[in-house]
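Coordinates in review
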Amino acid sequence: MFNSSKKIAVYPGSFDPLTNGHLDIIHRASKLFDHLIVGVLTNSAKSPIFTKEERVELIRKCTSEYENVEVKMFDGLLVDFVRENKAVAIIKGLRAVSDYEYELQMAALNKHIDHEIETVFLMADIQNSFLSSSIVKELAKNGGNIKGLVPDKIIDDIMKKMY
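Residues numbered from 1 in each chain as written. Predicted model: local features only at pLDDT ≥ 70, side-chain atom pairs only at ≥ 80, totals over all residues. Heavy atoms only, no water.

**As for the sheet that holds strand S2 (residues 35-40)**
As a reminder, the rule being used: Strands are labelled as partners when DSSP assigns at least two bridges between them. Counting from the N terminus, the helices are the DSSP runs of H or I reaching at least four residues and the strands are the DSSP runs of E reaching at least two. Each axis is a line fitted through C-alpha atoms, taken for helices only over the stretch in contact, and angles between the N-to-C directions span 0 to 180 degrees. Whether two residues are in contact is decided by their heavy atoms: any pair within 4.5 Å suffices.
If you trace the 5 strands from one edge of the open sheet to the other, you get S3-S2-S1-S4-S5, paired in parallel fashion. If you trace the sheet from one side to the other, it starts and ends with strand S3 (69-73) and strand S5 (118-123), each paired once. When the angles between neighbouring strand axes are averaged without regard to direction, this sheet yields 30°. Strand direction decides the pairing type here: strand S1 (residues 8-13) and S2, joined by 6 bridges, are parallel. The partner of proline 12 across the bridge, within S2, is glycine 39. Packing of helix H2 (residues 52-63) onto the sheet brings it into contact with S2 and S3, and relative to S3 it is tilted by some 175°. Packing against the sheet, helix H4 (residues 97-113) makes contact with strand S4 (89-94) and S5, and its axis sits at approximately 170° to S4.

**Description of the layout of surface pockets**
Defined as follows: Here a cavity denotes grid points, spaced 1 Å and computed from the protein atoms alone, that fit a 1.4 Å probe unable to get out, and a pocket denotes an open set having protein on both sides within 12 Å along at least 5 of 7 lines; residues with an atom within 4 Å of a point are the lining. Grid points are joined across faces, edges and corners, and a volume is the space filled by probe spheres set on the points. Residues are grouped as follows: Ala, Val, Leu, Ile, Met, Phe, Trp, Tyr, Cys and Pro are nonpolar; Asp, Glu, Lys and Arg are charged; all remaining types, including Gly, are polar.
If you add up the space inside the largest pocket, you get close to 1100 Å³. Looking at the lining of the largest pocket, the elements with two or more residues in it are S1, helix H1 (20-32), S4, H4 and helix H5 (133-141). Element by element, the count of residues in the lining of the largest pocket is highest for H4, at 8 residues. Residues of the lining of the largest pocket, tallied by class, amount to 16 nonpolar, 17 polar and 10 charged.

**Section: the nonpolar core**
For clarity, the threshold we go by: We call a set of buried residues a nonpolar core when its members are Ala, Val, Leu, Ile, Met, Phe, Trp, Tyr or Cys and they connect through side-chain atoms within 4.5 Å of each other. Only protein chains enter the accessibility calculation, which uses a 1.4 Å probe. A residue is then buried if its area is under 20% of the maximum for its type, exposed if over 50%, and partly exposed in between.
In terms of nonpolar packing, the biggest core is built from 34 residues, with Leu18, Leu36 and Ile91 touching the most fellow members. Elements supplying a minimum of two residues to this core: S1, H1, S2, H2, S3, S4, H5 and helix H6 (155-162). If we ignore the near neighbours within four places in the chain, the residues touching leucine 36 are Ala9, Val10, Tyr11, Ile26, Ala29, Ser30, Asn68, Val69, Glu70 and Ile91. Core analysis: the next-biggest nonpolar cluster, separate from the first, contains 11 residues, Val10, Ile37, Val79 and Ala87 among them.

Following this line, the structure appears as structure tokens:
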């Protein structure tokens, strides 16, 4: 059912680790909605380096100044999580056409499951269009400099986890 009193959105992802691209989407989405829930999930297709609990804490560390942003863990269907939190929208960041093709399929599936839930696509800022958690992990694992790719607040956390 349409919630006219408070517009809540969910920004789901594995966030392993959080990047400046993710943080940019969080910042922008937090201005569009009254309340934004960053939903941390386990992606069965990926092997995370951080536990879900650690990822939640890293995101909280980087979003503490946002009064309307909350970080939660979830398992199962995204649509169920969105419903449980009385959200009206799913936020998805897009970097390239390849992201769009996949995310369009997921948006259509979610709409099929619950036609009341909208998907809002936010284009990545051009400076983040190449950025992914996988790239950050690979760079960090090989001793590269990840400054400017992830929030400064969590660089040490990421580098400690790599070694």
